[in-house]
Amino acid sequence: MRASPAFQVTVRRFGVWQAALLSLLAITSAALLAWLASPDSAVPPGWRALAVAAGAVILAVAAPLLRRSPFSLRWDTQRWNLGPASSAGEEPWQGKLAVAIDLGGWMLLRFEQDGEPIRRPTRWLPVQRRGLEAQWHALRCAVYCARPEPGRDAGVAAANAQEPQE
């Protein structure tokens, strides 16, 4: 199998991601509020304080996730490159990309930056078909494409393996 050809896409829309996070926040908040408002006196005050603290932490973690900056994602036939949308074609981070969730019209991608294990952050990239209609199929092909070993072409290796030995 041959590697996917070079590919670049700039992701600017995050509506599905934001709707999913807002729904999760609403459900979590409603559950916490319902539990706090329950007339059950068997719940110690410490547990109620813990529930309020957990709600505050959930809001603090989710708020920055709602605001996503546009980004450029490029496959150069060897590795993935990621950077701000303004860096299209010259993305500063190189690494590996894997699909964490695939819902057909929406994917959550996991980008692991190359480098030392301690210093390479994992970035979660939500991508949706809306806004990328013309490039969606090519993106999915590039994300799922089998990659040959560096310096080798799997098509040539497979052809050589089938040649009769004398």
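Residues numbered from 1 in each chain as written. Predicted model: local features only at pLDDT ≥ 70, side-chain atom pairs only at ≥ 80, totals over all residues. Heavy atoms only, no water.

**With respect to the packing of aromatic side chains**
- Counted according to the given criterion, the structure contains two aromatic pairs.
- Geometrically, the ring pair formed by Trp17 and Trp106 is stacked, given 6.3 Å between the ring centres and 15 degrees between the ring planes. Placement of the pair is Trp17 in helix H1 (residues 15-37) and Trp106 in strand S5 (residues 106-113), with a sequence separation of 89 residues.
- For Trp17, a relative accessible area of 12% corresponds to the buried category.
- Here the aromatic rings of Trp75 and Trp80 are separated by 5.3 Å at their centres, their planes lie at 40 degrees, and the arrangement is tilted.
- Among the residues examined, Trp75 registers a relative accessible area of 1% and is labelled buried.
- The ring centre of Trp93 lies 4.2 Å from the NZ or CZ of Arg123, which sits over that ring. (Phe/Tyr/Trp six-rings, centres within 6.5 Å; stacked < 30°, edge-to-face > 60°. Helix = DSSP H or I, 4+ residues; strand = E, 2+ residues; numbered from the N terminus. Buried < 20%, exposed > 50% of the residue type's maximum accessible area, 1.4 Å probe, protein only. Lys NZ or Arg CZ within 6 Å of the ring centre and 35° of its normal.)

**Notes on the confidence of the model for the protein**
- Taken as a whole, the protein shows an average pLDDT of 78; of its residues, 80% reach a score of 70 or greater.
- The least confident element of the protein is helix H4 (residues 154-162), whose mean pLDDT is 46; the most confident is S5, at 90.
- In this model residues 154-166 is a low-confidence stretch, pLDDT under 50, and it forms four contacts with partners more than four residues away in sequence or in other chains. (pLDDT = per-residue confidence, 0-100. Contact = heavy atoms within 4.5 Å.)

**Observations regarding the sheet that holds S5**
- Spatially, the six strands line up as an open sheet ordered S1-S2-S3-S4-S5-S6, and their pairing is antiparallel. The strands lining the two open edges of the sheet, one partner per strand, are strand S1 (7-11) and strand S6 (122-128). Neighbouring strand axes in the sheet, compared pairwise and without regard to direction, differ in orientation by 35 degrees on average.
- With respect to the sheet, H1 is in contact with S5 and S6, its orientation differing from that of S6 by roughly 110 degrees.
- Sheet contacts for helix H3 (residues 136-144): S1, strand S2 (71-75), strand S3 (80-84), strand S4 (93-102), S5 and S6; angle to S5, the most-contacted strand, approximately 45 degrees. (Pairing = 2+ DSSP bridges. Axes fitted to C-alpha atoms, helices over the stretch in contact; angles between N-to-C directions.)

**Digging into the pattern of salt bridges**
- Per the counting criterion, the structure on display carries three salt bridges.
- A salt bridge links Asp102 to Arg140; the nearest nitrogen and oxygen atoms lie 2.9 Å apart. In this pair, Asp102 sits in strand S4 while Arg140 sits in helix H3, placing the two residues 38 residues apart along the sequence.
- Judged by relative accessible area, Arg140 falls into the partly exposed class, the value being 24%.
- Residue Arg110 pairs with Glu112 through a salt bridge whose shortest N-O separation is 2.7 Å. (Salt bridge = Lys/Arg side-chain N within 4 Å of Asp/Glu carboxyl O.)

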